[in-house]
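# What the coordinates show
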Amino acid sequence: MHILHVVGARPNFMKAAPLLTALRQRGCRQTLVHTGQHYDPAMSDVFFEQLELPAPDVNLDVRSGSHAQQTAEIMARFEPVVLAHRPDVVLVYGDVNSTMAAALVCAKLQIALGHVEAGLRSFDRTMPEEVNRVVTDQLADFLFTPSPDADANLQREGMAADKIFLVGNVMIDSLVRLLPLAQRSLPPGLPPRYALVTLHRPGNVDEEESLREIADTLLTIHQDLPVVFPAHPRTQERLARFGVDLGQLYFMDPLPYLQFLALQARATVVITDSGGMQEETTYLGVPCLTLREHTERPITVTEGTNILVGRDFAKLRREVWKITAGLGKQGSAPALWDGAAAQRIADVLLQSAAQISPLYAKTVAV
Ligand code: UD1
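Keep in mind it's a predicted model, so treat the numbers as computed, not measured.

Each helix and strand counted, the chain has 16 helices and 13 strands in total. In terms of overall size, the chain behaves like a compact globule, its C-alpha atoms giving a radius of gyration of 20 Å where 366 residues would be expected to give roughly 21 Å. Residues counted as buried form 57% of the 366 residues belonging to the chain. Considering only contacts within the chain whose residues lie at least 6 apart along the sequence, 69% involve residues at least 24 apart. Summed over its atoms, the accessible surface of the chain is roughly 14600 Å², and 52% of this surface lies on carbon and sulfur atoms.

Following this line, the structure appears as structure tokens:
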């Protein structure tokens, strides 16, 4: 069986890595396509190295643009690649623009499509990722879900039960494999206790007022608990544009996967608007305060260590204080977040080979 993987942005890389390994172990032919949505070495190359991903067979090199431009460019450049490689199945990951763009191309060419991390919903259509999730799930033939809430969302949206496979969390597969190595990779010169911060959602960083409010709160927290802030390029650009100075904090460029994982595992608290970090902190048992009103990962709140603080900065400061006083929320890792999700996905794909091939036979008479 020939499987083609599409990755494009930082959070895709740790999800695809365990799948590439599991399918290689089963003797599948594989093609790796990088859309080039993330292109800075710190956002892409270093992740390939540390996750031991093979170099992409194809790089579409799309880079940045408006959502429409980026999506359209990926589609236009991906279609000839699919036609040339003729995979049996295309796997897409998560909820970034690359995920949805590739899904649309496959649907039009009638190529079997698997969505890894299907079914998550924030029910907030102002988030570009929510649109990407809803569209991708509608088009996928295999919906690989990380948690039962995702299955329920898909069923409610009318997806056939035989397309839905509760397999667990592939991002945790990478974490489980690389945590021992990460624990030897802690960046030097950090204080013993710290809050680890990441921010990049348009809703938090694109408007000056909002970014200033968050920055002021971080500077206040820093007086009691040092703040370590590896900042996404988008956030760095906005801070510079609005003239917001966070030089007093431990402010730095985005970190490689292993160093960042080490920082998360040792953090007193994580403050973030990332989706993946809500899951990683839940697995690690580290308290997480999320600067969003909704989460598409509710299991991190109901079972894990996550608390949604939204834009309530008084609540944020209160929760940080509780955590430093040892009164933080306790949680546990959800079922099937065990390091073996990719093995389960690979098994499903191979068991389904017979159904996939006739699907493929109808293909590319285009
Ligand atoms: C994307 C994903 C988001 C994910 C995040 C992780 C979408 C809609 N969003 O957001 O879900 O959580 O990645 O990082 O797909 N830039 C660079 N260098 C890069 C990449 C981006 O400088 O390598 C800058 C550019 O100015 C670009 C901006 O960051 O315009 C935003 O990049 P983009 O890929 O559009 O979205 P992210 O904010 O990274």
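Here we come to the site of the ligand. Around the ligand, a shell composed of 19 residues is seen, among which Gln-37, His-38, Tyr-39, Glu-129 and His-232 lie nearest. Contacts to the ligand include His-38, whose side-chain N or O atom sits 2.6 Å from an oxygen atom. At a separation of 2.9 Å, an oxygen atom of the ligand approaches a polar side-chain atom of His-200. Coverage of the ligand by the protein amounts to 85% of the 730 Å² it exposes when considered alone. The class makeup of the residues in the shell around the ligand is 5 nonpolar, 8 polar and 6 charged.

So, about the sheet that holds strand E7 (residues 164-166). As summarised here, the arrangement of the 7 strands in space is E3-E2-E1-E4-E5-E6-E7, forming an open sheet in which the pairing is parallel. Strands with a single pairing partner mark the edges of an open sheet, and in this sheet they are strand E3 (58-59) and E7. Sheet analysis places strand E1 (residues 2-7) next to strand E4 (residues 89-93), joined by 4 bridges and oriented parallel. Across the sheet, residue His-5 finds its bridge partner in E4, namely Leu-91. Along the sheet face, helix H1 (residues 10-25) touches E1, strand E2 (29-34) and E4 and points at about 165 degrees away from the line of E1.

With that settled, the discussion passes to the sheet that holds strand E11 (residues 269-272). With parallel pairing, the 6 strands of this open sheet are ordered in space as E10-E9-E8-E11-E12-E13. One side of each edge strand has no neighbouring strand; the edge strands of this open sheet are strand E10 (250-252) and strand E13 (306-308). Across the sheet, the mean angle separating the axes of adjacent strands is 20 degrees when strand polarity is ignored. Of the strands in this sheet, strand E8 (195-198) and strand E9 (227-230) touch helix H11 (residues 257-266), which is tilted by about 130 degrees from E8.

This part covers the domain arrangement of the chain. Accessible area lost when the parts come together is the quantity often used to give the size of an interface. By the assigned domains, the chain splits into domain 1 (2-179 + 338-355) and domain 2 (188-254 + 267-324). Look at where the C-alpha atoms of domain 1 and domain 2 centre, and you get two points 27 Å apart. If you look at the interface, domain 1 gives 24 residues, while domain 2 gives 16 residues. Buried area between domain 1 and domain 2, summed over both chains or domains, comes out near 1600 Å², and the portion from carbon and sulfur atoms is 63%.

In this structure the tally under the stated criterion is 7 aromatic pairs. Ring centres of Phe-47 and Tyr-257 lie 6.5 Å apart, and the angle between their planes is 55 degrees; on these two criteria the pair is classed as tilted. One end of the pair, Phe-47, is in helix H2 (residues 45-50); the other, Tyr-257, is in helix H11, with 210 residues separating them in the sequence. Overall, the relative accessible area of 4% leaves Tyr-257 in the buried class. Members of the aromatic cluster, joined through ring pairs, are Phe-13, Phe-47, Phe-48 and Tyr-257.

A few words on the side chain of Glu-280. Here Glu-280 lies in helix H12 (residues 276-284). One buried charge, Glu-280, has no salt-bridge partner; the nearest side chain with opposite charge is Lys-15, at 8.5 Å. Polar contacts involving the side chain of Glu-280 include one to the side chain of Gln-264, which spans 2.7 Å. For Glu-280, the contacting residues outside a window of four places in its chain are Met-171, Ile-172, Leu-175, Tyr-257 and Gln-264.

Criteria and thresholds
Residues numbered from 1 in each chain as written. Predicted model: local features only at pLDDT ≥ 70, side-chain atom pairs only at ≥ 80, totals over all residues. Heavy atoms only, no water. Helix = DSSP H or I, 4+ residues; strand = E, 2+ residues; numbered from the N terminus. Rg over C-alpha atoms; globule rule 2.2 N^0.38 Å. Buried < 20%, exposed > 50% of the residue type's maximum accessible area, 1.4 Å probe, protein only. Contact = heavy atoms within 4.5 Å. Areas by Shrake-Rupley, 256 points an atom, 1.4 Å probe, with all protein chains shown as cover. Near = heavy atom within 4 Å. Polar contact = N/O pair within 3.5 Å; in protein donor to acceptor, adjacent residues only side chain to side chain. Nonpolar A, V, L, I, M, F, W, Y, C, P; charged D, E, K, R; others polar. Pairing = 2+ DSSP bridges. Axes fitted to C-alpha atoms, helices over the stretch in contact; angles between N-to-C directions. Domains from an automatic or database assignment. Buried area = accessible area lost by both parts, 1.4 Å probe. Phe/Tyr/Trp six-rings, centres within 6.5 Å; stacked < 30°, edge-to-face > 60°. Lys, Arg positive; Asp, Glu negative; His and termini not counted. Salt bridge = Lys/Arg side-chain N within 4 Å of Asp/Glu carboxyl O.

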